[in-house]
Amino acid sequence: MSERNFSRRRRGMRFRPSGGLGRSQQKPDREASQARAEVIGETSGGPERLFEHRHQTEIERAENIAAGLPPTGAPADAVPPPPAEKKQFREPDLKRTAEVDSEKPYQPVAVKEQPKGIVETLKVAATNLVKKVQRLIRPVKKIHKEVIINTETLETRVAVLEDGKLEEFNIERTTEERLVGSIFKGRVRNLEDGLKAAFVDIGFEKNAFLHYWDIVPNQFDSGVEIVDRPTKKRDKPRITQKDIPRLYPTGTDIIVQVTKGPIGTKGPRITTNLVLPGRYLVLLPNSDQSGISRKIENQQERQRLKKVLRELTIPDGMGVIMRTAGEGQQKRYFVRDLALLLEEWRGIQERIKSQPPATCVFQEPDLIERTVRDFLTEDVERIVVDSPKAYERMRDMITKISRRSASKVKNYVEAQPIFDRFGISKQLENAFSRQVHLKSGGYIVVDETEALVAIDVNTGRHKGSRDQESTILKVNQEAADEICRQLRLRNMGGLIVLDFIDMKGRRDQQSVYQRMKEGLRRDKAKTHILPISPLGLMEMTRQRHTESVRSAVYDDCPYCKGRGKVKSVLTMSVEIQRKLQEILKKRSRDESDFQLRIVVHPTVLERLRTEDEKHLIEMEKRYFGKLSFRADPGMHAEQFKIQNVATNEELASVGA
């Protein structure tokens, strides 16, 4: 970046953090530091993050040492590209045609349904009539929200649409074991007091890693408010780290839940703080604390839910968390959900008694069941699934929770693939490209690396330039909405740096910051975001639940090895000439002919025959050798071979 551009950027940035730059550097935000530590350590999160992790750094350090890695973990393979020189307006993308904003109201895709009986038809008609009357009495902005499920032999895909626009996407391969969230009956194999960790056999090749802090009962994290209930509290002796070798000696059976799958040399990570998620509640079998999600912001509703929570009949020694989906639900739904969770826990206890150690006593539900549990809310109009078997299964599951909601499930029977019929395939193709276009003509560029996600905002083919500040603000606000959507769609996590277009006004910066905060409210993953810095960058963290969709769907290109670039023909020509000089210099001078054959990719050969021919002729004269070249279309562009023509001996082989 030139000094002129840098000075312009500095003049444009009027924002200074409260207390000045010096104070913010001396006292970093504790929440930001904790969020950063969590996402660096979390490469595959647990089923439900309800407990705080104050000792995350210590646990990660011990886990890395146990796996034979440096205490700070393995270095990231990919390094984020250096930030490009930033301009206020980019060159327009002439290859891209202008987009026309459609003002037509969205119409849901019609789905053919199987004929129903008279009674069921009358029920549906009555329900639709009631909904119309309710909308007339209390008109609200109608958003058509639907869940589309595609089930195939090898994978299941779930898409959430709002007015036909893809907002969330999940994919699960049927061949992959659902390890994270599953509960095992394990056996302690050995204790490492130096690492403050136990190694537990849960039936896999590598023993699972259980840190002492994951055995000691934890408090709820900041996203859950504790609710006191009028119950008999048993006086339990408080467990500390010193007690663990006595309570869990080698050979002891222990019930654990997987919070992170095996990665590289590391085994699975586990905890004894068990969590059983339901539709509206989360059951905590080993914790006598109860609470309510802080994402429910309405104070009157929170007071009502606290009253419902205190009235629930929860067994002694157990606790529950009220999930965000419980907002606005009647007490009977919580009672029914609690009964289902307790029944499930009784089944787990029976398997714990009957099954031998190192076996699974509860497997995390598959994607279809999790969809019913997590996505079926009141605002969902319908769930469309293209498998009759999955259709019947979903109706049975929903009937247990709410019979009225069972009618929302529709069976898709048409010949056209369901994702094509609802326009999801095209949206997926556009959403996962490196460059994502915005309505105003701007675009964002997403670069996902192992350790960090960098997102750059560009004005691109902007509309109008009379008022640059308002144009920039509009593009940045659109980008904020799209970035929040992309984070959910791609399931990106870890450290994320957002490079918005420079804004001079402090009010505009604050507007974009608030837009980001609002967009992240609907994200199920835990996020932490900071205001725009003096350098014009916004930093945030997003908890990793599972691997990103990019990692699950795509492999690194075997040609460029994931770099996204290959060496230019000029670079290859220079490398070939350098290697030829090395070989020709080493040979002993004699009267015999010394002829070399160089096998290269056709594009490299074209360069050698044209622009670099004179250099090769000079080399032949200087070292008294003869050079012949041959093209091999099947060869990698970065590969070449040098052979001795007389003996067919391969003198050098460079490249992939």
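The structure we're discussing is the one just above.
Residues numbered from 1 in each chain as written. Predicted model: local features only at pLDDT ≥ 70, side-chain atom pairs only at ≥ 80, totals over all residues. Heavy atoms only, no water.

Peer 1: Looking at this structure, I do not really get the overall build of the chain. What am I missing?
Peer 2: A tally of helices and strands in the chain yields 18 helices and 26 strands. Within the chain, contacts between residues separated by at least 24 positions form 70% of all contacts whose residues are at least 6 apart in sequence. Accessible surface, the chain as shown: approximately 36300 Å² in total, 50% of it carbon and sulfur. (Helix = DSSP H or I, 4+ residues; strand = E, 2+ residues; numbered from the N terminus. Contact = heavy atoms within 4.5 Å. Areas by Shrake-Rupley, 256 points an atom, 1.4 Å probe, with all protein chains shown as cover.)

Peer 1: What is the right way to look at the sheet that holds strand E3 (residues 165–173) in this model?
Peer 2: With mixed pairing, five strands are arranged side by side in an open sheet as E3-E2-E1-E15-E16. Of all the strands in the sheet, the pair left with one neighbour each is E3 and strand E16 (409–411). Averaged over all pairs of adjacent strands, the angle between their axes in this sheet comes to 20 degrees, without regard to strand direction. Sheet topology note: the strand E1 (residues 145–151)/strand E15 (residues 380–385) ladder contains five bridges and is parallel. Residue pairing in the sheet places Lys145 in a bridge with Val380 of E15. Lying on the sheet, helix H9 (residues 367–375) is in contact with E1, strand E2 (155–162), E3 and E15; it crosses E3 at an angle near 145 degrees. Of the strands in this sheet, E1, E2 and E3 are in contact with helix H12 (residues 424–431), which crosses E3 at around 90 degrees. (Pairing = 2+ DSSP bridges. Axes fitted to C-alpha atoms, helices over the stretch in contact; angles between N-to-C directions.)

Peer 1: Help me out: how do you make sense of the pairing of E15 in this one?
Peer 2: The side chains of a regular strand alternate between the sheet's two faces. E15 sits mainly inside the fold: five of its six residues count as buried. Where E15 lies against E16, three bridges are found, and the strand directions are parallel. Looking across to E16, one finds that Val385 is bridged to Asn411. A crossover connection joins E15 to the parallel E16 through helix H10 (residues 388–401); in handedness this β-α-β unit is right-handed. (Buried < 20%, exposed > 50% of the residue type's maximum accessible area, 1.4 Å probe, protein only. Right-handed = clockwise from strand over helix to strand, strands pointing away.)

Peer 1: Would you take a moment to explain the side chain of Thr272 for this structure?
Peer 2: Tracing the backbone through its elements, the reader meets Thr272 in the loop between strand E9 (269–271) and strand E10 (276–277). Here the side chain of Thr272 touches Asp214 through a polar contact of 3.1 Å, landing on its backbone oxygen. Polar side-chain contacts of Thr272 include one of 3.3 Å to the backbone oxygen of Ile215. Not counting residues up to four positions away in its chain, the partners in contact with Thr272 are Leu210, Asp214, Ile215, Ile254, Ile255, Val256 and Asn286. (Polar contact = N/O pair within 3.5 Å; in protein donor to acceptor, adjacent residues only side chain to side chain.)

Peer 1: I tried to follow H10 on my own but got confused; where do I start?
Peer 2: The terminal C-alpha atoms of H10, which comprises 14 residues, lie 20 Å apart, in line with the 20 Å expected from a rise of 1.5 Å per residue. For H10, every residue scored as buried is listed here: Ala390, Tyr391, Met394, Met397, Ile398 and Ile401. For H10, the angular spread of buried residues about the axis comes to 135 degrees, placing them on one side. In H10, the exposed positions that point more than 90 degrees away from the buried face belong to Pro388, Lys389 and Lys400. Elements that come into contact with the buried residues of H10 comprise E1, helix H8 (331–354), H9, E15 and E16. (Expected span 1.5 Å × (residues − 1). Arc of directions from axis to C-beta.)

Peer 1: Help me out: how do you make sense of the packing of helix H16 (residues 569–586) against helix H17 (residues 602–609) in this one?
Peer 2: Packed helix pairs are specified by the crossing angle of their axes together with the interaxial distance, meaning the distance between the axes. Direction vectors running N to C along H16 and H17 enclose 70 degrees, while the axes themselves pass 9 Å from each other. When the interaxial angle is binned, H16 and H17 end up roughly perpendicular. Taking contact as the criterion, the partners of Val569, Leu570, Met572, Ser573 and Ile576 in H16 are, on H17, Thr603, Val604, Arg607 and Leu608. Looking at the contact of H16 with H17 residue by residue, the class counts come to six nonpolar, two polar and one charged. (Parallel < 35°, antiparallel > 145°, perpendicular 65-115°, else oblique. Nonpolar A, V, L, I, M, F, W, Y, C, P; charged D, E, K, R; others polar.)

Peer 1: It is not clear to me how the nonpolar core should be interpreted in this structure. Could you clarify?
Peer 2: Looking at soluble globular proteins, one finds that nonpolar side chains tend to be buried together. The biggest cluster of nonpolar side chains holds 47 residues, and the ones touching the most others in it are Leu283 and Met394. A total of eight residues in this core trace back to one element, the largest contributor, which is H8. With sequence-adjacent residues up to four places away left out, Leu283 is seen in contact with Leu274, Val275, Leu276, Met318, Gly319, Val320, Leu338, Leu341, Leu342 and Trp345. (Core = buried A, V, L, I, M, F, W, Y, C linked by side-chain atoms within 4.5 Å.)

Peer 1: I would appreciate a short explanation of the packing of aromatic side chains in the present structure.
Peer 2: Given two aromatic rings, their pairing is described by the distance between the two centres and the angle made by the two planes. Here the structure, examined in full by the defined rule, presents five aromatic pairs. Seen from their ring centres, Tyr412 and Phe422 are 6.4 Å apart, and the 55 degrees between their planes marks the pair as tilted. Placement of the pair is Tyr412 in the loop between E16 and helix H11 (418–421) and Phe422 in the loop between H11 and H12, with a sequence separation of ten residues. Among the aromatic side chains, those forming a connected cluster through ring pairs are Tyr280, Tyr333 and Phe334. If you follow Arg157 out to its NZ or CZ, it ends over the ring of Phe419, 4.2 Å from the centre. (Phe/Tyr/Trp six-rings, centres within 6.5 Å; stacked < 30°, edge-to-face > 60°. Lys NZ or Arg CZ within 6 Å of the ring centre and 35° of its normal.)

Peer 1: Help me understand the environment of Ala431 in this model?
Peer 2: Take Ala431: it is sitting in helix H12. Residue classification places Ala431 among the buried residues on the basis of a relative accessible area of 4%. If we ignore the near neighbours within four places in the chain, the residues touching Ala431 are Val436, Gln486, Leu489 and Arg490.

Peer 1: What exactly am I supposed to notice about the side chain of Ser573 here?
Peer 2: Position of Ser573 relative to the elements: it lies in helix H16. Accessibility expressed as a relative area gives 1% for Ser573, which makes it buried. Those residues in contact with Ser573 that sit more than four places away from it in its chain are Arg607, Leu608 and Asp612.

Peer 1: Can you walk me through the packing of H16 against helix H18 (residues 613–623) in this structure?
Peer 2: In contact at an axis separation of 11 Å, H16 and H18 are set at 10 degrees when each is read in the N-to-C sense. Between H16 and H18, the angle is such that the two are roughly parallel. Residues Gln577, Leu580, Gln581, Leu584 and Lys585 of H16 touch H18, and the partners they reach there are His615, Leu616, Met619, Arg622 and Tyr623. Among the residues forming the contact of H16 with H18, the class breakdown is five nonpolar, three polar and two charged.

Peer 1: Help me understand the sheet that holds strand E24 (residues 626–631), please; the structure alone is not making it clear to me.
Peer 2: What links the strands of a sheet is backbone hydrogen bonding, and the strands pair in either a parallel or an antiparallel sense. Sheet architecture is open: four strands sit in the order E24-E23-E25-E26, paired in mixed fashion. Whereas interior strands pair on both sides, the edge strands pair on one side only; in this sheet they are E24 and strand E26 (650–654). Strand-to-strand twist in this sheet, taken as the mean axis angle between neighbours without regard to direction, amounts to 15 degrees. In this structure, strand E23 (residues 595–600) lies alongside strand E25 (residues 640–644), joined through five bridges in antiparallel fashion. Paired with Arg597 across the strands is Gln643, a residue of E25. Against the sheet, H16 touches E23, E24, E25 and E26, its axis set at about 25 degrees to E25.

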